[in-house]
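Commentary on secondary and tertiary structure
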Amino acid sequence: WAAAPEPPIDRVGFEVCIEKDAQGAGSVGVRLDLNDGVKLQVVRVLEEGLVAKYNKVAAQDRQIRVCDFVTEVNGVSGDAKAMVGKFVQETILSLWVVPAVDFVVKLSNQGSLGVTLFHDTESISMLVTEVAADGPVAAHNRGARAEEQIRVLDRIRSVDGTSGKASQLTAALSAALAACRDVELRILRPMA
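What about the nonpolar core?
- Membership of the largest hydrophobic core comes to 21 residues, with the highest contact counts inside it found for Val16, Val30, Leu40, Ile64, Val73, Phe87 and Leu95.
- With near-sequence residues (within four places) excluded, Phe87 lies in contact with Lys20, Val28, Val30, Leu32, Leu40, Val73, Leu93 and Leu95.
- In this structure, Phe103, Val105, Val137 and Leu169 belong to the second largest nonpolar core, which totals 19 residues.

A short note on the pairing of strand 3 (residues 30-33)
- By the bridge criterion, 4 bridges tie strand 3 to strand 4 (residues 40-45) in an arrangement that is antiparallel. Within strand 4, the residue paired with Asp33 across the bridge is Gln41.
- The hairpin turn running from strand 3 into strand 4, its antiparallel successor, is 6 residues long, and Gly37 in that turn takes a positive phi close to 80°.

A look at the packing of aromatic side chains
- The final tally for this structure, using the stated rule, is 0 aromatic pairs.
- Sitting over the face of the ring of Trp96, Arg11 holds its NZ or CZ atom 3.8 Å from the ring centroid.

Some points on the side chain of Lys20
- If you trace the backbone, Lys20 turns up in the loop between strand 2 (14-19) and strand 3.
- Buried and without a salt bridge, Lys20 has Glu90 as its closest oppositely charged side chain, separated by 8.5 Å.
- Only 2.6 Å separates the side chain of Lys20 from the backbone oxygen of Phe87, close enough to count as a polar contact.
- At 3.1 Å, the side chain of Lys20 and the backbone oxygen of Glu90 are in polar contact.

Some details on unusual backbone geometry
- You will see that Cys67, though not glycine, has its phi angle at about 90°, which is positive.
- Inspection of the secondary structure assignment puts Cys67 in the loop between helix 1 (50-57) and strand 5 (69-73).
- A relative accessible area of 9% places Cys67 in the buried class.
- Positive phi is not limited to glycine here, since Cys180 has a value of about 55°.
- Note on placement: Cys180 falls in the loop between helix 4 (166-178) and strand 12 (183-190).

Let's talk about the sheet that holds strand 12
- Taken together, the 5 strands give an open sheet; going across it, the order is 8-12-11-10-9, and neighbouring strands pair in antiparallel fashion. Across the chains shown, the open sheet's two edge strands, defined by having one partner strand only, are strand 8 (100-107) and strand 9 (115-118). With strand direction ignored, the average angle separating the axes of adjacent strands in the sheet is 40°.
- The pairing of strand 10 (residues 126-131) with strand 11 (residues 155-159) spans 2 bridges and is classified as antiparallel. Bridging across to strand 11, Met126 finds its partner in Ile156.
- Along the sheet face, helix 4 touches strand 9, strand 10, strand 11 and strand 12 and points at about 65° away from the line of strand 11.

Thoughts on the pairing of strand 12
- Summarising the sheet, strand 8 and strand 12 pair through 8 bridges and their orientation is antiparallel. Note that in strand 12 the partner of Val104 across the bridge is Arg186.
- The sheet contact formed by strand 11 and strand 12 spans 4 bridges and is antiparallel. Looking across to strand 12, one finds that Val159 is bridged to Leu185.

Observations regarding the pattern of salt bridges
- Counting across every chain of the model gives 11 salt bridges.
- Ionic pairing is found between Arg186 and Asp102, a salt bridge with its closest N-O pair at 2.9 Å. Here the residue Arg186 occupies a position in strand 12, and Asp102 occupies one in strand 8, the gap between them amounting to 84 residues.
- Under the relative-accessibility criterion, Asp102 is labelled partly exposed at 38%.
- Between Arg145 and Glu147 there is a salt bridge, with its nearest N and O atoms 3.0 Å apart.
- Relative accessible area serves as the criterion here: at 44%, Glu147 is assigned to the partly exposed category.
- Through salt bridges with shared partners, a single ionic network connects Asp33, Asp36, Lys39 and Arg155.

Rules used throughout
Residues numbered from 1 in each chain as written. Predicted model: local features only at pLDDT ≥ 70, side-chain atom pairs only at ≥ 80, totals over all residues. Heavy atoms only, no water. Core = buried A, V, L, I, M, F, W, Y, C linked by side-chain atoms within 4.5 Å. Buried < 20%, exposed > 50% of the residue type's maximum accessible area, 1.4 Å probe, protein only. Contact = heavy atoms within 4.5 Å. Pairing = 2+ DSSP bridges. Helix = DSSP H or I, 4+ residues; strand = E, 2+ residues; numbered from the N terminus. Phe/Tyr/Trp six-rings, centres within 6.5 Å; stacked < 30°, edge-to-face > 60°. Lys NZ or Arg CZ within 6 Å of the ring centre and 35° of its normal. Lys, Arg positive; Asp, Glu negative; His and termini not counted. Salt bridge = Lys/Arg side-chain N within 4 Å of Asp/Glu carboxyl O. Polar contact = N/O pair within 3.5 Å; in protein donor to acceptor, adjacent residues only side chain to side chain. Axes fitted to C-alpha atoms, helices over the stretch in contact; angles between N-to-C directions.

In structure tokens, the structure reads:
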């Protein structure tokens, strides 16, 4: 494993090269969320695995962390399933990693946020798949700076300070909506 040279100025993130042993053995040591179909979100870095070994010797700003996004694997990008296939099939992996950025939004509660959300059992966030034309999120977006608007493919990482599995986020959101109180969301996306 090794960190590659600095990326071109117009490309955010960094390259990580990881090599399995000659037989292709050795766990890469990450759990990934591929729910948006386009990129992979790191949901867990296992203590034993090639990524953990890489992280021990990498500069802090080039470590692969929970919530980071893998946007390319061995030249494949834009297709999360194909990228996961490369993780499984290839012995040498060249990963393009984009750190996550987050921001906090406080929304007035109208019984619904005006978004459609998706997650699976391994998710640590809820994926925004649709933003309605009206509702609290749309109202927020009308008054927010572009970089603080909630967009399709953004991820909700915490609800009123609760983070963890997506099922915990769903429960916290349901409780807030049922109690008719304002909701604070931590929104996550790849650094631009």
